[in-house]
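# Coordinate inspection notes
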Amino acid sequence: MAQVDLAFGLRATVWRGTGLALVLAAAAIASQAEIVVVGSEGASFRRMALLPAGPAPWVAAAVAVATAALLVWALARFAGAAPARSVSTAAPLALLGLWVVPLLPVLADRWPMLLLLAGPLRWVVAVVAAGLVLWRIERVRLATETAVVRVGPRAVVGVSLLVFVGVGAYVGRVQGLDGDEPHYLMIAQSLLADGDLAIENNYLAREFEAFSDRELRPPFLRRGLDGVIYSVHAPGLPVLLLPAYALGGARGAIVFLGLVAALAALAIYRLARELAGPRVALAVWAGVALGTPFLFHGWLIYPEMPAAFVTAWAAWWTLRAPPAEWKTWVLRGVALAALPWFHTKFAVLTAGLGATLGLGLLIRRQWASLVAVSVPVAVSTAGWFAFFWVLYGVADPTIPYGGTAAQGEQLMWANVPRGVLGLLFDQEFGLLVHSPVYVLAPLGLAALMWRRDTRWPALALVATALIFVVSSTRYYMWWGGTSVPARFLIPVLPLIAPGIAVAIASWRGAAARGLAAGLLLATLLISLRLVVVPEQGLAFNWRDGSGKFVEWLGQGSLLVSVLPSLWSRDWVAQLPRVLFAVGVVIAAMAGGWLATRRPWRCGPAGALVGVGLGGLLGATVLATPLIADGAPVIVRDGRTRLLDTLDGRRTRVVDLRRWQRIRGEDALAAVPLVYEPNVPEAGERDLTQTVGPIVLSPGRYDLSVRFRPGERVTGRVAVTTRAGRVTLASAEAHDDEARLDLVIPPEIVMTTLWVTPSDAALADAIDHVEIRPRAIVPRTERGGRFVHQIDWAGGTAGGYYAHVDRLSFAEGGVFWTRGSSESEVLLYPGRAALLVAWLQAGAAGGRAEIDVAGDRRTLTLEPGERRPVEFRLPGVEGLPVRVGFDGGFRPSEVEAGSKDTRWLGVRVTFELHR
């Protein structure tokens with residue numbers, strides 16, 4: 001009987017191992033596929049898959065199977081597991097079979113949200129699978145649990161500081177100081193240099209050049225007494241940063257803010273540890289401090305993080321801090337009193353938190369402590385109003401913004417619903433979209449308010465947070481200007497963070513742990529993605545209704561079309577999309593709960609998988625009625641990706657509806673791009689942006705502008721670059737259309753193009769624009785140069801040139817080099833045979849050098865001298881032209897009244913002749 005059981009167990013192990021190997025092989029092949037939507041018919045979509053030609057998919061499958069076999073062997077060899085146990089430990093890798101779902105017939109046609117599994121989400125599946133395998137190894141699990149228990153406050157502060165400063169340095173090298181950041185530093189500079197808050201002279205002296213390469217103007221809406229300019233920004237943050245700024249400049253200020261954020265994170269950790277223990281506290285610290293927006297504002301120069309520092313410790317004082325002497329309460333009162341000095345809106349927090357702490361002291365009859373905390377707040381409040389009286393002659397904290405009456409529609413109660421929903425659900429600036437772990441906060445806060453010992457303190461903290469959010473969202477600009485998502489919520493995040501801890505600790509079932517783990521993992525992975533490639537700027541959106549991260553995750557418009565965008569005033573129209581987001585969360589919770597019921601009976605790890613699958617299934621079903629509205633844009637984005645990916649004989653194209661291979665030429669013919677004209681806002685029509693933006697890969701296209709039937713049109717239609725600077729193709733309108741032959745050069749990566757009609761009547765007659773690719777330049781043959789601007793070249797032969805670096809200043813047909821830097825442009829001369837380059841020195845003479853496709857000339861120019869240089873052209877497109885100069889000047893230093901502070905070298909003008 002034992003031999004029969006052994007043989008049966010061995011056979012089962014072999015079958016399980018073989019099945020796992022086949023799943024991994026199929027997943028490896030699927031990972032090689034690029035799936036695009038190329039058509040739609042009602043609620044059904046048509047997909048194509050692009051696979052690399054040759055043996056690459058089969059090699060990937062073989063590598064996957066070999067890796068799985070090596071893993072099973074390693075588990076048996078080093079972890080001491082039996083073969084059957086080793087295969088069982090590696091079983092979570094079968095989740096990679098989800099990668100195959102988008103390739104299956106019918107399913108993703110009918111429910112296109114399944115295509116998310118063919119994009120970046122597939123790597124989340126891989127991370128979860130690998131994590132589950134590691135967690136099944138007992139030694140790894142025990143070591144992890146031991147390490148978590150040993151984490152203490154010092155480690156939290158140290159790691160937080162390293163992360164904040166490190167991320168700040170890494171992202172800041174690309175992002176730089178943006179938005180209001182340099183203006184806060186200019187107040188600190190005025191305090192340091194002059195000892196006052198009058199900033200006009202500091203801006204005129206261009207003292208901002210020490211930390212910013214932007215052109216800055218004093219930010220003010222109303223002058224102070226005697227015409228003095230004071231910044232619209234509050235002085236609290238600059239005063240706080242002044243010592244660090246004096247020692248280390250902008251970098252010193254950033255490091256100091258990192259320390260402030262680390263101490264705020266410590267308060268959040270300590271409170272969570274008191275409420276729920278060390279394991280939960282570490283999870284809460286990771287979800288809040290390493291999530292968006294806390295991670296970014298740990299180094300961004302804004303007042304929200306110092307405010308969060310105060311609210312974090314206030315929450316600790318309210319809920320769990322032991323009794324303190326009155327001397328300690330003096331410092332606490334000073335901290336609360338400082339809040340309005342960081343920003344006027346923080347006065348609400350001072351009032352709410354002060355009342356909460358004062359009421360607790362009153363109940364405990366700690367009269368000395370009550371006086372100690374109240375006096376600093378009262379003195380500071382009186383000084384705060386006096387500050388505005390002295391500077392502006394009016395004791396009104398809103399006077400720097402023009403006063404309450406002057407703000408009009410910018411400050412209305414009607415803005416509140418849109419602002420609250422936007423701060424939570426907006427795909428560009430919403431908290432829950434970028435940090436879903438906060439879904440747990442309301443559940444835990446409800447539990448805190450249910451408990452007798454924390455009921456009233458928790459209720460007071462929640463009320464303070466709600467009042468602050470409502471008062472902040474009265475502003476039309478609820479998103480907080482140029483910043484990361486949910487900026488206005490940062491000061492109250494420490495007030496709701498205890499809810500996350502209590503929710504995790506109170507729900508002890510496997511489903512709850514799986515849900516918490518899923519939300520925490522999603523939050524950390526989103527933060528990692530926002531940081532890892534700072535050049536993409538995924539955390540910094542432009543208020544265009546399309547979230548950069550959402551667009552990246554959904555491979556274009558797939559997720560964009562179903563997630564809410566509350567940027568426009570019509571927030572009621574976005575309610576179905578808000579309900580979609582809520583429904584996905586409910587489906588994820590239901591999936592985790594079902595995973596722990598019969599017949600599954602999974603533990604927390606299985607519940608985590610159930611959360612993910614439930615959320616995906618919920619999104620798939622709930623998106624169906626919403627996604628139809630965005631079908632045209634989804635199809636167009638898919639076709640654009642197809643054109644960008646198609647690479648001649650290196651790519652195989654498969655029609656997934658019929659599972660049939662088709663030729664690349666047939667794929668091109670089947671995917672015309674269709675653009676409808678933009679609807680202009682009242683009084684803001686711009687003919688250069690009638691249709692677009694159009695993004696095309698290098699190649700040749702037949703572009704047809706179709707007019708509405710029955711319209712009698714005359715005029716000319718052109719395809720132009722930004723603001724109509726350069727026309728790449730044009731044609732006369734005849735009958736019901738205008739046909740253009742458009743060529744995108746292979747040496748560059750084009751950014752945006754627009755269809756520009758000659759007059760408004762012609763623009764009104766446009767029905768749609770259809771673009772059919774004739775030939776696409778394969779990726780391997782493209783130059784890959786990003787174009788910053790295109791300008792016309794002068795002369796009799798036409799032609800244009802493209803700026804491919806940021807070392808020149810374009811001025812519409814001419815450009816200046818940036819000082820002594822060598823600037824490069826790509827020249828497209830068309831049929832021209834002769835290039836005449838005119839070089840002109842400015843106020844500073846020097847030696848100029850110009851190189852055209854390896855032919856380098858040198859000439860010496862006197863100040864203001866202009867001389868031509870002639871080159872015979874070889875008859876090719878995309879000629880590299882490099883221009884350098886060994887001197888430079890600033891117009892503001894040599895011309896009276898000039899405010900142009902650019903560092904200019906030599907002025908260049910091109911003329912092309914046949």
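Residues numbered from 1 in each chain as written. Predicted model: local features only at pLDDT ≥ 70, side-chain atom pairs only at ≥ 80, totals over all residues. Heavy atoms only, no water.

## Brief notes about the overall build of the protein chain
A count of helices and strands for the protein chain gives 31 helices and 26 strands. Over its C-alpha trace the protein chain gives a radius of gyration of 31 Å, about what one expects of a compact globule, namely 29 Å for 914 residues. Across the 914 residues in the protein chain, those meeting the buried criterion constitute 52%. Considering only intrachain contacts with a sequence separation of at least 6, the fraction spanning at least 24 residues in the protein chain is 72%. About 40,700 Å² of surface is accessible on the protein chain, with carbon and sulfur atoms providing 61% of the total. Looking at the protein chain, you have 84 positive and 70 negative side-chain charges, and the mean spots of the two groups are 13 Å apart. (Helix = DSSP H or I, 4+ residues; strand = E, 2+ residues; numbered from the N terminus. Rg over C-alpha atoms; globule rule 2.2 N^0.38 Å. Buried < 20%, exposed > 50% of the residue type's maximum accessible area, 1.4 Å probe, protein only. Contact = heavy atoms within 4.5 Å. Areas by Shrake-Rupley, 256 points an atom, 1.4 Å probe, with all protein chains shown as cover. Lys, Arg positive; Asp, Glu negative; His and termini not counted. Charge placed at Lys NZ, Arg CZ, Asp CG, Glu CD.)

## Observations concerning the packing of helix α20 (residues 441-450) against helix α21 (residues 455-472)
As a packed pair, α20 and α21 sit with axes 6 Å apart at the nearest point and diverge in direction by 140°. Relative to α21, the element α20 lies oblique. Two secondary-structure elements touch here, α20 through L445, L448, M449 and W450 and α21 through R455, A458, L459 and V462. (Axes fitted to C-alpha atoms, helices over the stretch in contact; angles between N-to-C directions. Parallel < 35°, antiparallel > 145°, perpendicular 65-115°, else oblique.)

## Focus on the confidence of the model for the protein chain
Of the residues in the protein chain, 93% reach a pLDDT of 70 or more, and the chain-wide mean stands at 85. Taken as a whole, residues 1-9 scores under 50 in pLDDT and shows zero contacts with residues more than four places along the chain or in a different chain. (pLDDT = per-residue confidence, 0-100.)

## Some points on the nonpolar core
By size, the foremost hydrophobic cluster in this structure holds 188 residues, and its most contacted members are M113, W285, F294, F296 and I301. Here W285 is in contact with V156, V159, S160, A265, Y269 and L290, once residues within four sequence places are set aside. In terms of nonpolar packing, the next biggest core, distinct from the first, is built from 49 residues, L646, Y701, L728 and A729 among them. (Core = buried A, V, L, I, M, F, W, Y, C linked by side-chain atoms within 4.5 Å.)

## Details of the environment of P829
Within the element layout of this structure, P829 appears in the loop between β20 (823-828) and β21 (834-841). We classify P829 as buried; its relative accessible area is 2%. For the pair formed by P829 and V124, sequence separation is 705 residues and the distance between their alpha carbons is 48 Å.

## Overview of the sheet that holds strand β17 (residues 800-803)
With antiparallel pairing, six strands are arranged side by side in an open sheet as β15-β17-β20-β25-β22-β23. What marks the edges here is a single partner per strand, and that holds for β15 (789-792) and β23 (855-861). Going from strand to strand, the sheet's axes swing by 25° on average, the running direction of each strand aside. Inspection of the sheet shows β17 paired to β20 by four bridges, in the antiparallel sense. Looking across to β20, one finds that Y801 is bridged to L827. (Pairing = 2+ DSSP bridges.)

## With respect to the pattern of salt bridges
Overall, the coordinates contain 24 salt bridges when judged by the stated rule. Where R700 meets D741, a salt bridge forms, and the shortest distance between an N and an O atom there is 2.4 Å. You can see R700 sitting in strand β7 (residues 699-707) and its partner D741 sitting in strand β10 (residues 737-744), a full 41 residues away along the chain. Between D702 and R774 there is a salt bridge, with the nearest N and O atoms lying 2.2 Å from each other. (Salt bridge = Lys/Arg side-chain N within 4 Å of Asp/Glu carboxyl O.)

## Concerning the sheet that holds strand β4 (residues 660-662)
Here four strands make up an open sheet; going across it, the order is β1-β2-β3-β4 and the pairing antiparallel. Two strands lie at the open edges of the sheet, namely β1 (34-41) and β4, each paired on one side alone. In this sheet, neighbouring strand axes are inclined to one another by 35° on average, regardless of whether the strands run parallel or antiparallel. Pairing between strand β3 (residues 651-655) and β4: three bridges, direction antiparallel. The residue bridging D655 from the neighbouring strand is Q660, located in β4. Docked against the sheet, helix α28 (residues 631-645) engages β1, β2 (44-52) and β3, running at close to 140° with respect to β1.

## Some thoughts on the packing of aromatic side chains
The way to describe two aromatic rings as a pair is by their centre distance and the angle between their planes. Under the defined criterion, the tally for this structure stands at 22 aromatic pairs. Here the aromatic rings of F429 and W478 are separated by 6.0 Å at their centres, their planes lie at 90°, and the arrangement is edge-to-face. Of this pair, F429 sits in the loop between α18 (416-425) and α19 (431-434) while W478 sits in the loop between α21 and α22 (493-506), placing them 49 residues apart in sequence. A relative accessible area of 1% means that F429 is categorised as buried. We classify W478 as buried; its relative accessible area is 0%. Members of the aromatic cluster, each reached through a chain of ring pairs, are W341, W384, F385, F387 and F388. Looking at R474, its charged tip hangs above the ring of W413, at a distance of 4.3 Å from the centre. (Phe/Tyr/Trp six-rings, centres within 6.5 Å; stacked < 30°, edge-to-face > 60°. Lys NZ or Arg CZ within 6 Å of the ring centre and 35° of its normal.)

## Considerations on the packing of helix α13 (residues 304-319) against α21
Packing of α13 against α21 leaves a shortest axis separation of 9 Å and a crossing angle of 160°. Comparing their axes, α21 and α13 come out roughly antiparallel. You can see that α13 and α21 cross each other, and the crossing is right-handed. Contact with α13, carried on its side by A315, T318 and L319, involves P457, A458 and L461 of α21 and no other residues of that element. The residue makeup of the contact of α13 with α21, split by class, is five nonpolar, one polar and no charged. (Left-handed = near helix turned anticlockwise from the far one by under 90°. Nonpolar A, V, L, I, M, F, W, Y, C, P; charged D, E, K, R; others polar.)

## Remarks on unusual backbone geometry
Look at the link from T292 to P293: it is a cis peptide, with omega at 10°. Residue P693 is bonded to the preceding G692 through a cis peptide linkage, with omega at 0°. You can see P693 is positioned in strand β6 (residues 691-694). Backbone geometry at D226 places phi at a positive 60°, although glycine is not the residue there. With respect to the element layout, D226 can be found in the loop between α9 (200-204) and α10 (236-276).

## A look at the pairing of strand β25 (residues 879-885)
As a general feature of sheets, a regular strand has side chains that alternate between the two faces. With five of seven residues buried, β25 is to be regarded as a mostly interior element. Across five bridges, β20 lies against β25 in antiparallel orientation. Counterpart to E824 in the pairing with β25 is R882. Taken together, the five bridges between strand β22 (residues 846-852) and β25 define a ladder with antiparallel strand orientation. In the strand pairing of β25, A848 is matched with F885.

## Considering helix α26 (residues 604-622)
Along its 19 residues, α26 runs 26 Å from first to last C-alpha, staying within 8% of the 27 Å computed at 1.5 Å per residue. Taken residue by residue, α26 has G606, A607, L608, V609, G610, V611, G614, G615, L616, G618, A619 and T620 as its buried positions. Tucked inside the fold, the buried residues of α26 contact α5 (121-136), α23 (510-532), α25 (575-595) and α27 (624-627). (Expected span 1.5 Å × (residues − 1).)

## Description of the environment of G444
If you trace the backbone, G444 turns up in helix α20. A C-alpha to C-alpha distance of 5.7 Å links G444 and I500, two positions 56 residues apart in sequence. In this view, G444 contacts G499, V502 and A503; residues no more than four positions away in its chain are not counted.

## Section: α28
Between the first and last C-alpha of α28 there are 21 Å, a value that for 15 residues agrees with the 21 Å anticipated at 1.5 Å per step. Along α28, the residues that are buried comprise A631, I634, V635, G638, R639, T640, R641, L642, L643 and T645.

## Things to note about the pairing of β20
Counting buried residues in β20 gives six out of six residues, a clear majority hidden from the surface. Every second residue of β20 is oriented toward a common face, with S823, V825 and L827 on one face and E824, L826 and Y828 on the other, all of them buried.

## Quick look at the side chain of S231
Along the chain, S231 turns up in the loop between α9 and α10. S231 gets classed as buried once you look at its relative accessible area, which sits at 7%. Engagement of the side chain of S231 in a polar contact is seen with the backbone nitrogen of H233, the distance being 3.1 Å. Excluding residues within four positions of it along the chain, S231 makes contact with I187, I199, P219 and Y392. (Polar contact = N/O pair within 3.5 Å; in protein donor to acceptor, adjacent residues only side chain to side chain.)

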